[in-house]
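If you want the building blocks of each chain, they are given just below.
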Amino acid sequence: MKGYGMLKIGSTGWLEKDVPGCGPMDAIVEPIALAPCTSDIHTVWEGALGDRHDMILGHEAVGKVAEVGSLVKDFQKGDKVIVPAITPDWNSVEAQQGFSMHSGGMLSGWKFSNFKDGVFAEYFHVNDADGNLAKLPEGMDPAAACMLSDMVPTGFHGAELAEVAYGDDVCVIGIGPVGLMSVAGTALRGAARILAVGSRPKCVEVAREYGATDIINYKEGDIVEQVMELTCGKGVDKVIIAGGDGETFLDAVKMMKPGGRIGNVNYLGQGDFIKLPRVEWGSGMGHKTIAGGLMPGGRLRMEKLASLIHLGKLDTKKLVTRTFQGFDKIEEALMLMKEKPKELIKPVVLM
Ligand code: NAD
Ligand code: ZN
């Protein structure tokens, strides 16, 4: 079969591989819709995961089941499914502890395009099919559903990590597709004011549609000053980080009230340290918490988030600003993600 992958750090290309084998609890899936991710860009061009050779990329997919193992109960050949980017081992002790995304070691619930071939292939392998696949609801647009693999669960996880509560003032730093879903998740959790930090006009427009009440342009001055001005010097209750780098934590801590909480879902692909401001962190005593996490995967989360789309409470189609037709377009879609033209939020490739 054909797949599109990382040949080595800094280089990608088409690969020819065997169709993966199916274990008793697993499934083999063929794609219906695929999306490249900023994480693929970090992985290849920043070498963020370290060296990977001839590894098929991609972790965002909606597909059709081609084969299931003998112990799989709830799925069969032909079922249309949503595939989460994170596919934990559900019988691990880490999962029992509530951190399924770290099953088998830190970040090891992230298997596609990390420890095994990803979804940019004619067929791909899904471990623990009953625990990780979700049926695609009848009538749901595959491109919209493809945003459930990673963008929705990650963006919403930012709001969970920050413990956004009713009436909170929240700043979302970075409004690419993940940050936009953090805005939407924050709005659904009942935040009062949502200050979105971004600059691209398309993202700003969509952020407002998802519930941002104020827009802060980080290219037009210090964002802490802008947040302080908008909040009459008080700062915000919570910050979600979905863009930036190791220095972004400086701003996030500075703009929060004592007792504030940062939810970071940004993938820090470069640098050895993150920075904290000593004084604004209360000299270590400000009760300002930093939580960072890989998004939880698995079937239940996919099913619950899919029902938000199904019932009209979340419209992920606003994220899909470009669609391609045909498997061969994966390369073009990935390169588009790398270039990130101004009007792009997320491309999807439909088979
Ligand atoms: P993206 O690159 O499209 O969005 C990030 C946005 O932040 C961009 O629009 C960029 O212009 C903006 N930005 C950069 N510097 C900034 C700054 N200083 N202040 C404010 N905005 C700034 O990426 P995305 O697809 O939205 O993903 C966001 C991050 O989440 C990426 O690092 C991605 O790898 C990561 N991610 C994490 C998980 C997880 O499970 N935690 C899952 C998927 C993606
Ligand atoms: Zn992704």
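Bear in mind the structure is a predicted one, so any value in this text is a computation, not a measurement.

(A) The arrangement of the environment of Leu15 in detail. With respect to the secondary-structure elements, Leu15 resides in strand β2 (residues 11–16). It is 31 Å that separates the C-alpha atoms of Leu15 and Thr316, two residues lying 301 residues apart in sequence. With residues up to four places along the chain from it excluded, the contact list for Leu15 reads Met1, Lys2, Gly3, Gly5, Leu7, Asp54, Met55 and Ile56.

(B) The sheet that holds β2, seen in detail. With respect to topology, three strands assemble into an open sheet ordered β2-β1-β4, the strand pairing being antiparallel. The sheet is open, and its two borders are formed by β2 and β4 (55–56), each paired with just one other strand.

(C) Representation of the site of ligand 1 within the structure. Around ligand 1 sit 23 residues in total, of which Thr38, Val265, Asn266, Met295 and Lys340 are the nearest. Residue Asn266 places a side-chain N or O atom 2.7 Å away from an oxygen atom belonging to ligand 1. In this structure, an oxygen atom belonging to ligand 1 sits 3.2 Å away from a main-chain N or O atom of Tyr267. For the shell around ligand 1, the secondary-structure elements that each account for two or more residues are α1 (38–45) and α6 (177–188). In terms of residue count, α1 provides more of the shell around ligand 1 than any other element does, three residues in total. Of the residues belonging to the shell around ligand 1, the class tally is ten nonpolar, ten polar and three charged.

Each value, and the rule that gives it
- Residues numbered from 1 in each chain as written.
- Chains lettered and ligands numbered in written order.
- Predicted model: local features only at pLDDT ≥ 70, side-chain atom pairs only at ≥ 80, totals over all residues.
- Heavy atoms only, no water.
- Helix = DSSP H or I, 4+ residues; strand = E, 2+ residues; numbered from the N terminus.
- Contact = heavy atoms within 4.5 Å.
- Pairing = 2+ DSSP bridges.
- Near = heavy atom within 4 Å.
- Polar contact = N/O pair within 3.5 Å; in protein donor to acceptor, adjacent residues only side chain to side chain.
- Nonpolar A, V, L, I, M, F, W, Y, C, P; charged D, E, K, R; others polar.

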